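Chain and residue survey
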Amino acid sequence: MASTFDVARVRASYPALADGHAYLDGAAGTQVPLPVIDAIATAYRTGIGNMGGAFAASDRSDLIVAECRRALADLTGGAPSGVVLGPSMTALTYRISAALARGWAPGDEIVVSRLDHDANIRPWIQAAARAGAVVRWAEADPATGELPASQYAELVGPRTRLVAVTAASNVLGTRPDVAAIARAARAAGALCYVDGVHATPHVPVEVAALGADFYATSAYKWAGPHVAAVVADPALLETLRPDKLVPSSDEVPGRFERGTLPFADLAGVTAAVEHLASLSPGSASGGSRRQRVLASMAAVEDYEMALFARLADGLAALGHVTMYGKAARRAPTAFFTVAGHAPRDVAAHLAARGVNVWNGDNYAYELCTVLGLEPDGAVRAGLVHYNDASDVDRLLTGLAELSA
Ligand SMILES: Cc1ncc(COP(=O)(O)O)c(C=O)c1O
């Protein structure tokens, strides 16, 4: 499968890569390929208006929004009318949590996980505090980075209203058994809110197979602009009454969208989904965009994991580097410390050699606390579809210089 992936062709579509840097910071936001840049520029060049007007530029914005919802549905396997658009996963999670928590009573329970990014923890804890609901914690194993699904049998009960869990850790890469966790939630009558921000760029996504009642994703992590979406069953969204303005749409999903949408960026989101669908044309057997996305992302997963093996093996061979997490199923993201060097200093050393990596907790605050890594966190090198072996080798060479 990896042979169907032509990384040189992929890289050629990213103008930013021409600066010669090894962009291993994709987990914090990827670069943007030409078709996405062009789609955004074309929207502005062509003329767009606000939605629902009597003139052509307004019609174009209506169309952009409808196409964007269709594209996100094709990316995730959801329904276009269940795609809620917003500025970021964090903002959308605050919105949805506030709407859900209106139905919670004192003594109700929610379950959050220590593996998650804070954006899928804190909004729930704060909403629970307002409702008088009890917070229960699923624990990550610090030795392996796994989030055992078996613990949910104990954590979930008749009072559980919501289980929030990540589809992939943004630092350790761990991909928990979300389907099993969602089954436990559903058996207790609870909803499952899945943070798909880190998983979406790396694997084919099928919300139904995950059992996700809500699936959150941010386009800027997969070659798109800074726009996010939560995908849910429209019938579920119908049951929720978020705060909204009187004159704004009360339809689903518009009910959840505050103010004017970023139309040009939404055109870019659609182009980004097309881009993902075209990453490995050889692996797609034609068919619908949904089928092309699934085939292409399967090839992306194979390619990235083969490259990740090179990265993980290389890090393991460096005696002064400690890598965290060794989950059985993971995204291609490495989190490590270097003996005798603060994470920020490692990142600066690599930056001077044209290698972009992140340092810190990357908002995986609870996890980094469990790992004993707060407040400085560690170094994160994440692979995405445009990274190649030379990016990995440059990282390893730069790290080798820091030995003893
Ligand atoms: C796993 C994960 N969840 C949530 C977020 C927050 O996403 P946003 O920046 O869209 O609020 C991030 C961002 O880094 C992330 O990596």
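Residues numbered from 1 in each chain as written. Predicted model: local features only at pLDDT ≥ 70, side-chain atom pairs only at ≥ 80, totals over all residues. Heavy atoms only, no water.

Turning our attention to the nonpolar core. Nonpolar side chains tend toward joint burial in soluble globular proteins. The biggest cluster of nonpolar side chains holds 66 residues, and the ones touching the most others in it are Phe 336, Leu 395 and Leu 399. Not counting the four nearest positions on each side in its chain, Phe 336 is found in contact with Leu 315, Val 321, Thr 322, Met 323, Tyr 324, Ala 378, Val 379, Ala 381, Leu 395 and Leu 399. Counting 36 residues, the second-largest nonpolar core is a separate cluster that includes Val 163, Val 178, Ala 182 and Ala 190. (Core = buried A, V, L, I, M, F, W, Y, C linked by side-chain atoms within 4.5 Å. Buried < 20%, exposed > 50% of the residue type's maximum accessible area, 1.4 Å probe, protein only. Contact = heavy atoms within 4.5 Å.)

Around the ligand sit Ser 88, Met 89, Thr 90, His 117, Ala 119, Asn 170, Asp 195, Val 197, His 198, Ser 218, Tyr 220 and Lys 221, and that is every residue in its neighbourhood. One of the side-chain N or O atoms of Asp 195 is found 2.5 Å from a nitrogen atom in the ligand. In this structure, an oxygen atom belonging to the ligand sits 2.6 Å away from a side-chain N or O atom of Lys 221. Relative to its unbound accessible surface of 390 Å², the ligand loses 90% to contact with the protein. (Near = heavy atom within 4 Å. Polar contact = N/O pair within 3.5 Å; in protein donor to acceptor, adjacent residues only side chain to side chain. Areas by Shrake-Rupley, 256 points an atom, 1.4 Å probe, with all protein chains shown as cover.)

Attention shifts here to the pattern of salt bridges. For the coordinates displayed, the defined rule picks out 22 salt bridges. One salt bridge connects Arg 289 with Asp 74, and the closest N-O pair in it is separated by 2.8 Å. In this pair, Arg 289 is assigned in helix α11 (residues 289–316) and Asp 74 in helix α3 (residues 56–76), connecting sequence segments 215 residues apart. (Salt bridge = Lys/Arg side-chain N within 4 Å of Asp/Glu carboxyl O. Helix = DSSP H or I, 4+ residues; strand = E, 2+ residues; numbered from the N terminus.)

For the rest of this paragraph, the subject is unusual backbone geometry. Here the bond from Val 252 into Pro 253 is cis, since omega is 10°, no more than 30 degrees from zero. Tracing the backbone through its elements, the reader meets Pro 253 in the loop between α9 (234–238) and α10 (263–277). Here Glu 374 and Pro 375 are connected by a cis peptide whose omega angle stands at 5°. Position of Pro 375 relative to the elements: it lies in the loop between α13 (365–370) and β13 (378–382). Positive phi, close to 50°, is recorded for Asn 362, a residue that is not glycine. Positionally, Asn 362 belongs in the loop between β12 (358–360) and α13. At Tyr 363, a position not held by glycine, the phi torsion is positive, near 70°. Mapped onto the elements of the fold, Tyr 363 is located in the loop between β12 and α13.

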